[in-house]
Amino acid sequence: MRKIVASFFISLDGVVEAPDQWHFPYFNDEMGATIGALAADADAMLMGRVMYEEWAEYWPKQSADDEFAGFINNVRKYVVSTTLDTVDWNNSTLVKGDLVEEITKIKQEPGLNINMSGSTNLVRSLLRHGLIDELHLLVHPIAVGTGQRLFEDGVQIPLKLISSTTFKTGVLHLAYEAVAK
């Protein structure tokens, strides 16, 4: 069975919103290699509507010489939405209906990992339903103060640390696997 692997840039105070406002000073070759390795282990992306709309507007306009643009524009994309009727970006499939049932079907298809980056509300829902297999947090040494946080108040999500790496910039790469409730 395929694994769903979610990754986030996250601040010390748990903020995942608008990493473009605080993440870049901490990006280095170590982080790039980690992100590249996660991408190499996947042949699909899972995303929510907001991320899909933002990325579908931006990435197809980028040069094919951009390594990530080449990857994201061609990889299979599963888009979870209750409001979209169509998805037109190359290799995109709209996922509607019962979330647990549809995601379970996708995980049973042949292939590599299914990556997620962003789509916080979708990740929260998948975590609650035990459908995220691995969670990779790139914890940045900054307290952002405000913004959407990854974890909801009052919801317990048991996780098991499977690896940790400290980058020269002070970013921690923490990899967790889901623990059955």
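Residues numbered from 1 in each chain as written. Predicted model: local features only at pLDDT ≥ 70, side-chain atom pairs only at ≥ 80, totals over all residues. Heavy atoms only, no water.

- Looking up the protein chain in an unreviewed UniProt entry gives the name Dihydrofolate reductase, with the organism given as Sphaerisporangium siamense.

## Some thoughts on the packing of aromatic side chains
Then, number 1: For the coordinates displayed, the defined rule picks out six aromatic pairs.
Then, number 2: Look at Tyr 52 and Trp 89: their rings are 6.0 Å apart centre to centre, the planes differ by 50°, and that puts the pair in the tilted class. Of this pair, Tyr 52 sits in helix 2 (residues 49–58) while Trp 89 sits in the loop between strand 3 (76–80) and strand 4 (92–95), and the two are 37 residues apart along the sequence. Side by side, Tyr 52 and Trp 89 carry an identical accessibility label, which is buried.
Then, number 3: Here the aromatic rings of Trp 59 and Phe 68 are separated by 5.0 Å at their centres, their planes lie at 70°, and the arrangement is edge-to-face.
Then, number 4: Note on Phe 68: relative accessible area 29%, which makes it partly exposed.
Then, number 5: Three or more aromatic residues joined by ring pairs make a cluster, and in this case those are Trp 55, Tyr 58, Trp 59, Phe 68 and Phe 71.
Then, number 6: Just above the ring of Trp 89 sits the side chain of Lys 77; from NZ or CZ to the centre is 4.5 Å. (Phe/Tyr/Trp six-rings, centres within 6.5 Å; stacked < 30°, edge-to-face > 60°. Helix = DSSP H or I, 4+ residues; strand = E, 2+ residues; numbered from the N terminus. Buried < 20%, exposed > 50% of the residue type's maximum accessible area, 1.4 Å probe, protein only. Lys NZ or Arg CZ within 6 Å of the ring centre and 35° of its normal.)

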